[in-house]
Amino acid sequence: MDDHEQLRERALRALAAAPTGCLVGADFGAASSGRTFGVENPATGGELVQVADCGREDGERALSVAWEAQRRWAATAPRERAELLLALHGRILERRDEFAALMTLEMGKPLAEAHTEVTYGAEFLRWFSEEAVRINGRTTVTPEGNLRVWTMRRPVGPVLAITPWNFPLAMATRKLGPALAAGCVGILKPSVLTPLTALAFGQACREVGIPEGVVQVLPTSDAPAVTGPMIQDQRLRKLSFTGSTSVGRKLLREAADNVLRTSMELGGCAPFIVFEDADLQRAVEAARITKLRNVGEACNAANTFYVHHGLAEEFAARLAAEFDSLVIGDGLRPEVQVGPLISAQQRERIRDLVDDATTRGARVLTRGEVPGGGHFLRPTVLAGVPHDAAIAVNEIFGPVAPVVAFEDESEVLGWANASAFGLAGYVHTTSIERALRMAEGLEVGMIGINSATISNVAAPFGGIKHSGLGREGGSEGIEEYLETVYAGLPT
């Protein structure tokens, strides 16, 4: 049996062991309606398994269970909450092969990247286990001297966490890690495309002894039917969502009626700016990494490559050579570096953007074939892209790199800041003065200087403008799940 056969056999064992029911209360069970939906393997287009299809009744039951569990969990000692999160961190790492296999099967990312996500996702649990015991208030005296101000922090209450398909483990832990650390219970509604990883996460929570009702998981093919009534219910106190800006807007409108605390990590259109003084090879390598991580299906992936006109052609040619060397295919094959896109619809949308760019004069520099049978798209470099082409100003969410030439700093800053999005940006320059100017001038929530990566559990992740509200990770992450209460005592 070769390496690929061994990996596939291991993946099939993980699939057979994965729970497929709703996690409501202590146990996995069928949806109240008895309905199920199929989960697709994007590398083959075939069905992996049927999963319980939760409906309104399941959501209402989960919220009732969460409401009952909230007081008990909030009263749990911070050290106990911390120890359970640390145990969950360890359990996920023990099961890393299973989690990685499930992610590759249902989402398509190469197995090596799935293993990286397991490590990254688990680290949120360790980080917030350490934050759980550092939730502090303060005392002071008013300027008039007549009152002593005493503040305390307490958990917001039950949380609905709606997670996307592209990072099915890390987005769950990035939301529920701080929620649980703060003393909030959580209901996880995973993407219809990738429910298996979320259900396995819920299983791990039960395995380490996280109490009944503290973490529940509701897979569904009809998200509004499940989440809509919960968002309108006064027992729900917090909504955390990662996904598209269009869906985020709808959820914000719903949340407004109930005046819910919200966190929104929405779309991005990250500029990757290469100045004339940049280390070109370093910039090319960083471009390949940040463009093709997760098959380009990442909200903080570089979207548009603005390169100084003196370097633009060489940059595009070198990046095309890098793309041409990559192995495309089923992520369970150990040699594969680029997997399939999540769906045929996503692939066709990106192809339309490429076709539009070429009609406006852009040139396709990459070549090669892609495997059949799945939702594959060749990693593509486009040179000579107009700065206002649709592919340059819309989120691509796939393995296509449009290269736009610019003249000077003010021009490129204007183009980048014209976007309605403001999640991430990347700047390559050897001038510290320019790096600082761009860090101050780019209208984004996160900036990578001469680097390809910015995500880290210790850093606040989030954007501005249409890219969202709030921050996840870092010391700021737990603040999203805490209320400040003030008591005034006579001196």
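Residues numbered from 1 in each chain as written. Predicted model: local features only at pLDDT ≥ 70, side-chain atom pairs only at ≥ 80, totals over all residues. Heavy atoms only, no water.

Named according to an unreviewed UniProt entry, the chain is NAD-dependent succinate-semialdehyde dehydrogenase originating from Arachnia propionica. In its Sequence similarities (unreviewed entry) section, the UniProt entry covering the chain states "Belongs to the aldehyde dehydrogenase family." (UniProt positions renumbered as here; feature names shortened; annotations may be inferred.)

Draft legend 1. Region of the structure containing the overall build of the chain. Looking only at helices and strands, one finds 15 helices and 22 strands in the chain. Against the compact-globule benchmark of 23 Å for 491 residues, the chain has a radius of gyration of 23 Å, which places it among compact chains. If one aligns the C-alpha atoms of the chain with their principal axes, the spans along those axes are about 65 × 65 × 35 Å. Here the chain, with 491 residues, has 56% of them falling under the buried criterion. Long-range contacts, defined here as pairs at least 24 residues apart, represent 74% of the contacts in the chain between residues at least 6 apart. Summed over all atoms, the accessible surface of the chain reaches about 19100 Å², with 50% contributed by carbon and sulfur. Between the averaged position of the 48 positive side-chain charges in the chain and that of its 61 negative side-chain charges there is a distance of 5 Å. (Helix = DSSP H or I, 4+ residues; strand = E, 2+ residues; numbered from the N terminus. Rg over C-alpha atoms; globule rule 2.2 N^0.38 Å. Buried < 20%, exposed > 50% of the residue type's maximum accessible area, 1.4 Å probe, protein only. Contact = heavy atoms within 4.5 Å. Areas by Shrake-Rupley, 256 points an atom, 1.4 Å probe, with all protein chains shown as cover. Lys, Arg positive; Asp, Glu negative; His and termini not counted. Charge placed at Lys NZ, Arg CZ, Asp CG, Glu CD.)

Draft legend 2. Representation of the domain arrangement of the chain. Along its sequence, the chain is organised into domain 1 (3–266 + 468–488) and domain 2 (270–449). Its C-alpha centre places domain 1 at a distance of 31 Å from the equivalent point of domain 2. Interface area, domain 1 with domain 2, both sides summed: about 2100 Å², of which 61% is carbon and sulfur. When the area that domain 1 buries against domain 2 is broken down by residue, the three leading residues are His 4, Ala 43 and Trp 165, summing to 23%. On the surface where domain 1 and domain 2 come into contact, there are one salt bridge. (Domains from an automatic or database assignment. Buried area = accessible area lost by both parts, 1.4 Å probe. Salt bridge = Lys/Arg side-chain N within 4 Å of Asp/Glu carboxyl O.)

Draft legend 3. Quick peek at the packing of aromatic side chains. A complete count under the given rule lists seven aromatic pairs for this structure. On the numbers, 5.7 Å between centres and 90° between planes, the contact of Trp 165 with Phe 397 is edge-to-face. A residue pair is termed long-range when its members are at least 10 positions apart, and Trp 165 in the loop between strand S7 (159–162) and helix H6 (170–182) and Phe 397 in the loop between helix H13 (390–393) and strand S16 (400–406) qualify at 232 residues. Take Trp 165: its relative accessible area is 16%, and that puts it in the buried class. The exposure class assigned to Phe 397 is buried, which follows from its relative accessible area of 16%. Here the aromatic residues Phe 272, Phe 305, Phe 315 and Tyr 426 are joined through ring pairs into a cluster of three or more. The ring centre of Phe 461 lies 4.1 Å from the NZ or CZ of Arg 174, which sits over that ring. Between the NZ or CZ atom of Arg 434 and the centre of the ring of Phe 275, over which it lies, the distance is 4.2 Å. (Phe/Tyr/Trp six-rings, centres within 6.5 Å; stacked < 30°, edge-to-face > 60°. Lys NZ or Arg CZ within 6 Å of the ring centre and 35° of its normal.)

Draft legend 4. Local environment of the sheet that holds strand S5 (residues 138–141). With antiparallel pairing, three strands are arranged side by side in an open sheet as S5-S6-S22. Two strands lie at the open edges of the sheet, namely S5 and strand S22 (482–490), each paired on one side alone. Strand after strand, the sheet turns through a mean of 20° between neighbouring axes, direction not considered. Here four bridges tie S5 to strand S6 (residues 147–155), and the two strands are oriented antiparallel to one another. Note on S6: the bridge partner recorded for Arg 138 is Thr 151. (Pairing = 2+ DSSP bridges. Axes fitted to C-alpha atoms, helices over the stretch in contact; angles between N-to-C directions.)

Draft legend 5. The arrangement of the state of the cysteines in detail. Throughout the structure, instances matching the rule amount to one disulfide. A sulfur-sulfur separation of 2.3 Å characterises the disulfide bridge that pairs Cys 22 with Cys 54. Here Cys 54 lies in the loop between strand S4 (47–52) and helix H2 (56–75) and Cys 22 lies in strand S1 (residues 22–24), a separation of 32 residues in the sequence. Accessibility classification places Cys 22 together with Cys 54 in one group, the buried group. Of all cysteine sulfurs, the one in Cys 184 lies closest to Cys 205, which takes part in no disulfide; the gap is 15 Å. (Disulfide = S-S within 2.5 Å.)

Draft legend 6. Representation of the side chain of Arg 81 within the structure. Along the chain, Arg 81 falls in helix H3 (residues 78–94). Put simply, Arg 81 is tucked away with no salt bridge, and the nearest opposite charge, on Glu 80, sits 8.4 Å away. Setting aside anything within four residues of it in sequence, one finds Arg 81 in contact with Trp 73, Ala 74, Thr 76, Ala 132, Ile 135, Leu 180, Ala 181, Ala 182 and Gly 183.

Draft legend 7. Here's a closer look at helix H5 (residues 111–131). Spanning 21 residues, H5 covers 31 Å between terminal C-alpha atoms, matching the ideal 30 Å at 1.5 Å per step. Where H5 is buried, its residues contact helix H1 (3–17), H3, helix H4 (96–107), H6 and helix H7 (195–207). (Expected span 1.5 Å × (residues − 1).)

Draft legend 8. Structural context of the environment of Glu 395. Inspection of the secondary structure puts Glu 395 in the loop between H13 and S16. Sequence-wise, Glu 395 and Phe 421 are 26 residues apart; in three dimensions their C-alpha atoms are separated by 9.1 Å. Those residues in contact with Glu 395 that lie beyond four places of it in its chain are Gly 267, Gly 268, Cys 269, Cys 299, Asn 303 and Arg 349. Side-chain polar atoms of Glu 395 contact the backbone nitrogen of Gly 268, separated by 3.2 Å. (Polar contact = N/O pair within 3.5 Å; in protein donor to acceptor, adjacent residues only side chain to side chain.)

Draft legend 9. Structural context of the pattern of salt bridges. The tally for this structure, following the rule as stated, stands at 29 salt bridges. Among the salt bridges present, the one from Arg 8 reaches Asp 330, with a minimum N-O distance of 2.5 Å. Taken together, the residues span a long stretch of sequence, with Arg 8 in helix H1 and Asp 330 in the loop between helix H11 (312–324) and helix H12 (344–359) at a distance of 322 residues. Across the salt bridge formed by Glu 123 and Arg 126, the nearest N and O atoms sit 3.0 Å from each other.

Draft legend 10. Structural detail: the sheet that holds strand S19 (residues 446–449). Pairing is mixed in the open sheet, where seven strands are placed in the order S14-S15-S16-S13-S12-S18-S19. Two strands close off the open sheet at either side, each with one partner strand: strand S14 (363–364) and S19. Here strand S13 (residues 302–308) runs beside S16; their pairing, made up of four bridges, is parallel. When the sheet's bridge partners are listed, Tyr 306 is paired in S16 with Val 404.

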